[in-house]
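Commentary on secondary and tertiary structure
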Amino acid sequence: GAGVSQSPRYKVAKRGQDVALRCDPISGHVSLFWYQQALGQGPEFLTYFQNEAQLDKSGLPSDRFFAERPEGSVSTLKIQRTQQEDSAVYLCASSPGRLEQYFGPGTRLTVT
Amino acid sequence: EDQVTQSPEALRLQEGESSSLNCSYTVSGLRGLFWYRQDPGKGPEFLFTLYSAGEEKEKERLKATLTKKESFLHITAPKPEDSATYLCAAEHTDKLIFGTGTRLQVFP
């Protein structure tokens, strides 16, 4: 079946612009996670949903970052007033429960 | 502080030269230890989950083992297509804490 998909795959934003990154999880997966991966580093946790409920947002670096999953399926990560330090790959993962997480290909965000 | 450390940072092997990658962790209440493979420009690809000390899992040329403080990923007779970054992650309160990875290059 289809895996986790993310769009866009690449995004270039000028500093100060708002961006929205989309994640389509594997059908039926209850849990959805967002991670941020800087070049040469491992992914770092941002936030976690179980169905439509955001259970943990402790990894969001600032109040410019906002995530939602209104119907318990597709999720959007929004970054307001982007800064250069926001440049990274944003990874989405889904899980059928508290088990293995399956990752999408990521969105590479470059802020100029 | 919960932490996952991987070594070495980079590893170059000749085709057929077996080796091991190390992942040490200090995570309270560990519920699972995960290994992922990541190719350039792609998301991490799930390989293994280990839940308790002494557990071992195998897949083709890869074998993962777990002790109370570390995990090893053993690569037997690697091939060039095994070249990738291998990431280790510990599960803590549902989220994964990743190490920085080991970049493996296998030369023919």
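Residues numbered from 1 in each chain as written. Chains lettered and ligands numbered in written order. Predicted model: local features only at pLDDT ≥ 70, side-chain atom pairs only at ≥ 80, totals over all residues. Heavy atoms only, no water.

**Overview of the packing of aromatic side chains**
For the coordinates displayed, the defined rule picks out eleven aromatic pairs over all chains. Ring geometry for A:Phe103 and B:Phe98: centres 6.0 Å apart, planes at 70°, overall edge-to-face. Of the two residues, A:Phe103 sits in strand S10 (residues 102–103) while B:Phe98 sits in strand S10 (residues 95–98), which places them in two different chains. Accessibility expressed as a relative area gives 10% for A:Phe103, which makes it buried. (Phe/Tyr/Trp six-rings, centres within 6.5 Å; stacked < 30°, edge-to-face > 60°. Helix = DSSP H or I, 4+ residues; strand = E, 2+ residues; numbered from the N terminus. Buried < 20%, exposed > 50% of the residue type's maximum accessible area, 1.4 Å probe, protein only.)

**So, the environment of B:Tyr25**
All names here are of chain B. Mapping Tyr 25 onto the fold places it in strand S3 (residues 19–26). With 47 residues separating them along the chain, Tyr 25 and Phe 72 place their C-alpha atoms 11 Å apart. What Tyr 25 contacts, discounting residues up to four positions off in sequence, is Gln 3, Val 4, Leu 30, Leu 33, Leu 66, Thr 67, Lys 68, Lys 69 and Glu 70. At 2.8 Å, the side chain of Tyr 25 forms a polar contact with the backbone oxygen of Thr 67. (Contact = heavy atoms within 4.5 Å. Polar contact = N/O pair within 3.5 Å; in protein donor to acceptor, adjacent residues only side chain to side chain.)

**Details of the pattern of salt bridges**
Residues and elements named next belong to chain A. Counted according to the given criterion, the structure contains nine salt bridges over all chains. One salt bridge connects Asp 24 with Arg 22, and the closest N-O pair in it is separated by 2.7 Å. The class of Asp 24 is partly exposed, set by a relative accessible area of 22%. (Salt bridge = Lys/Arg side-chain N within 4 Å of Asp/Glu carboxyl O.)

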